[in-house]
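# Architecture and fold: a report
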Amino acid sequence: MRVDQYLSTLAATLAATPREPLCAIEEALWQTYLRDGTIIICGNGGSAANASHFACDLAKWTISDGRRRLRALALTDNVPVMTAWSNDTAYDRVFLEQVMSLYRPGDTLVAISGSGNSPNVLRVVEWMAAQGATTIGLTGFDGGKLAGLAQIAVVVPSHFMPEVEDAHSAICHSLAVALGERISTEPI
């Protein structure tokens, strides 16, 4: 059965995904919360969907009575501004132009790119790094340029985009759940 084969391969890919950078990402996002920064997320295509989904989960799954709420936003969620910037400048500036208006010191960027070579994602990572922000990359294949550009990167060990995107979704869910648990239980 092809479905069973896909799910078995995906499970093996998730099992082979390195845990050390995931722990570093969790800690970086926790530190962003502690300093009252915003987690800014971007990506294209399936990675755009993962970016929006991750921002949603970070905003919702981390709510805890009596605790300050975590701020997260996806640069993929305002279609009119994305098309305006793409039309008026160039698509490789679609995230950069947005973040130049939204960034505050203490913010963290999560850049999602299956190939690791999306020009619009790389530009915003470069800009955020130049501001002193923490930059995180979720990628696959050989990591592309993003793996070397982001301060913390996890490379999903697959060359099949659907598996990479599924693994990124699972990673984002695991991070949202972990942050929710920390917010509700750790002293602040």
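Quick look at the structure, then. Since we're looking at a predicted model, the values are computed, not measured. (Residues numbered from 1 in each chain as written. Predicted model: local features only at pLDDT ≥ 70, side-chain atom pairs only at ≥ 80, totals over all residues. Heavy atoms only, no water.)

### A few points about helix α2 (residues 20-34)
Taking 1.5 Å per residue, 15 residues should reach 21 Å; α2 reaches 21 Å between its end C-alpha atoms and fits that length. Those residues of α2 that sit buried are Pro 21, Leu 22, Ile 25, Ala 28, Leu 29, Trp 30, Thr 32 and Tyr 33. Elements that come into contact with the buried residues of α2 comprise β1 (38-43), α3 (46-61), β3 (108-113), β4 (134-139), β5 (152-155) and α8 (161-185). Where α2 ends, the next residue or the one after it, Asp 36, has phi of about 65°, a positive value. (Helix = DSSP H or I, 4+ residues; strand = E, 2+ residues; numbered from the N terminus. Expected span 1.5 Å × (residues − 1). Buried < 20%, exposed > 50% of the residue type's maximum accessible area, 1.4 Å probe, protein only. Contact = heavy atoms within 4.5 Å.)

### Thoughts on the pairing of strand β2 (residues 71-74)
Two strands pair when backbone bridges link them, and β1 and β2 are joined in this way by four bridges, in the parallel orientation. Of the residues in β2, the one forming a bridge with Ile 39 is Ala 72. Assessed by its sense of winding, the connection that carries the chain from β1 through α3 to β2 is right-handed. (Pairing = 2+ DSSP bridges. Right-handed = clockwise from strand over helix to strand, strands pointing away.)

### Here's the deal with the pattern of salt bridges
Within the structure shown, the criterion is met by seven salt bridges. A salt bridge links Arg 182 to Glu 27; its shortest N-O distance comes to 3.1 Å. In this pair, Arg 182 is assigned in helix α8 and Glu 27 in helix α2, connecting sequence segments 155 residues apart. Taking relative accessible area as the criterion, Glu 27 reaches 32% and is therefore assigned partly exposed. It is possible to trace a salt-bridge network through shared partners that takes in Glu 26, Glu 27, Arg 182 and Glu 186. (Salt bridge = Lys/Arg side-chain N within 4 Å of Asp/Glu carboxyl O.)

### Considerations on the nonpolar core
Core analysis: the largest hydrophobic core is formed by 29 residues, its most contacted members being Ile 25, Leu 29, Ile 41, Phe 54, Leu 58, Val 110 and Leu 138. Contributions of two or more residues to this core are made by α2, β1, α3, β3, β4, β5 and α8. Counting residues per element, this core draws most heavily on α8, at eight residues. Ignoring sequence-local partners within four residues, the contact set of Leu 29 consists of Ile 39, Phe 54, Thr 108, Val 110, Ile 136, Leu 175 and Leu 179. One finds Met 82, Val 94, Val 121 and Leu 146 within the second-largest nonpolar core, a separate group that totals 18 residues. (Core = buried A, V, L, I, M, F, W, Y, C linked by side-chain atoms within 4.5 Å.)

### Description of the pairing of β1
When a strand is regular, its side chains alternate between the sheet's two faces. The buried fraction of β1 is high, at six of six residues. The alternating pattern of β1 places Thr 38, Ile 40 and Cys 42 and Ile 39, Ile 41 and Gly 43 on opposite faces, both of which are buried. Bridge count between β1 and β3: five bridges; the pairing is parallel. Across the sheet, Ile 40 pairs through a bridge with Leu 109, a residue of β3.

### Focus: the environment of Gly 114
With respect to the helices, strands and loops of the structure, Gly 114 is situated in the loop between β3 and α6 (119-130). A residue is classified by how much of its surface remains accessible, and Gly 114, at 5% relative accessible area, is buried. Spatially, the C-alpha atoms of Gly 114 and Arg 35 are 29 Å apart, while their sequence positions differ by 79 residues. Once residues within four sequence positions are removed from consideration, Gly 114 is found in contact with Ser 47, Thr 139, Gly 140, Phe 141, Met 161, Val 164 and His 168.

### Regarding the packing of α2 against α8
Geometry of a packed helix pair, given as the angle between the helix axes and the separation of the axes. Put simply, α2 and α8 touch, their axes get as near as 10 Å, and they point 50° apart. In this view, α2 runs oblique relative to α8, as classed from their interaxial angle. Taken as a pair, α2 and α8 cross one another with a handedness that is right-handed. Taken together, the residues of α8 that come into contact with α2 (itself represented by Leu 22, Ile 25, Glu 26, Glu 27, Leu 29, Trp 30 and Tyr 33) are Ile 171, Leu 175, Ala 178, Leu 179, Arg 182 and Ile 183. Of the residues assigned to the contact of α2 with α8, the class counts are 10 nonpolar, no polar and three charged. (Axes fitted to C-alpha atoms, helices over the stretch in contact; angles between N-to-C directions. Parallel < 35°, antiparallel > 145°, perpendicular 65-115°, else oblique. Left-handed = near helix turned anticlockwise from the far one by under 90°. Nonpolar A, V, L, I, M, F, W, Y, C, P; charged D, E, K, R; others polar.)

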